[in-house]
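Summary of structural features
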Amino acid sequence: MAFVSHGQREPNGSYTFSSRPRPVENRSKYREPPSEQTHSNYGNIMYDRRVVRGNTYAQHIIPTTAQPDPVEIQRQQELRRRAIARKRAREQFRPRTPEALQGRKHIDVQTELYLEELSDVIVATDIECQTDAFLDKPATPLFIPAKSGKDVATQIEEGELFDFDREVQPLLEVLVGKTIEQSLEEVMEEEELACLRAQQRAFEELRNNELAEVRRLQEQERRHSEEKARRIAQQKEVLQKEKETAEKIAARAYTQQYLADLVPAVFTSLRSHGYFYDPVEKDIETNFLPWLMSEVNNSLEKRHTARAVLDTIIHDVAQRRVERFKETDTQ
């Protein structure tokens, strides 16, 4: 029986649900055979009709024996984690009411157009229905056709169909012939294998000898190559030493030739600049000669001063005598 829900408000103000009965449609007793798409998706809960889609809160899920898909379970867990993360982010960035001041507290206030009575106890009624589970269709019994015809029996006496002594001769001839032929083939195969082993041993001995000769020639060639490389290196080393010796001799000759004129010029320049000197001469030049020059200058200055004073006195005396001669001449 299925139900159609209709809302109805009771006199006490609580809201309840009522349903109007209606007949259930006829359906088959067994489940329908799976289609090609259903058969190809067997084992995938995305195509299982017994799995509830959407929100499963406050709903009754029919148990199922189908194996869940690990990929789908992982995807659902990932979606659930993302939803929880988004919810936490929204709650974190959502503007909140500031804390109340000291001595005050926040209360809930209705902002709707029509006020309603609020109560802590909410009257709720849960109503559910469960349909019958699908039954598996029993296996089709094996078809056995009806028996037809009549049963007839026949009795055969000894010696009527088979004489062992006469019939066994061709069998024995075949068995003995096959055995002898097989033995001959095995003997020939053994001889052929022995011949092949002998040829293989001879070939291996020849190959080993050739390999030993090749190794000897390779070793000889290697020794020759090493000797050649060693001698080339020695020759290069000798040439390098000869070149270095010639360069050193040339550098020494050029240095001697250059230094033959450089050393006297350097000593002459150093001597002229005063780096090489006689201590007595240096002392005379730096101490005695300046003192002597200063004393001579002082003496000359004194003489010059004395001469200037004497010249002044002589000039004054001569001037006075000239004046006296003029006075005497005028008288």
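Scroll up a little and you will see the structure.
The structure reproduced in this document is the subject of the present report. Note that the structure is a prediction, hence the values are computed from the model and not measured.

Rules and cut-offs
- Residues numbered from 1 in each chain as written.
- Predicted model: local features only at pLDDT ≥ 70, side-chain atom pairs only at ≥ 80, totals over all residues.
- Heavy atoms only, no water.
- Phe/Tyr/Trp six-rings, centres within 6.5 Å; stacked < 30°, edge-to-face > 60°.
- Helix = DSSP H or I, 4+ residues; strand = E, 2+ residues; numbered from the N terminus.
- Buried < 20%, exposed > 50% of the residue type's maximum accessible area, 1.4 Å probe, protein only.
- Patch = residues over 30% accessible without salt bridge, like charges linked within 9 Å, V, L, I, M, F, W, Y side chains within 5 Å.
- Areas by Shrake-Rupley, 256 points an atom, 1.4 Å probe, with all protein chains shown as cover.
- Salt bridge = Lys/Arg side-chain N within 4 Å of Asp/Glu carboxyl O.
- Lys, Arg positive; Asp, Glu negative; His and termini not counted.
- Charge placed at Lys NZ, Arg CZ, Asp CG, Glu CD.

1. Describing the packing of aromatic side chains
Taken as a whole and assessed by the stated rule, the structure comprises 2 aromatic pairs. Relative to tyrosine 258, the ring of tyrosine 254 lies with its centre 6.3 Å away and its plane at 15 degrees, an arrangement referred to as stacked. Of this pair, tyrosine 254 and tyrosine 258 are both found in helix H3 (residues 164–272), 4 residues apart, which corresponds to roughly one turn of the helix. According to the relative accessible area criterion, tyrosine 254 is exposed, its value standing at 55%. Judged by centre distance (6.0 Å) and plane angle (40 degrees), the ring pair of phenylalanine 288 and tryptophan 291 falls under tilted. Placement of both phenylalanine 288 and tryptophan 291 in helix H4 (residues 279–330) is noted, with a separation of 3 residues, approximately one turn of the helix. We classify phenylalanine 288 as partly exposed; its relative accessible area is 42%. The partly exposed category is assigned to tryptophan 291, whose relative accessible area is 48%.

2. Re a negative patch on the surface
Where like charges cluster on the molecular surface, the negative patch consists of Glu181, Glu185, Glu186, Glu189, Glu190, Glu191 and Glu192. Inspection of the secondary structure assignment puts glutamate 190 in helix H3.

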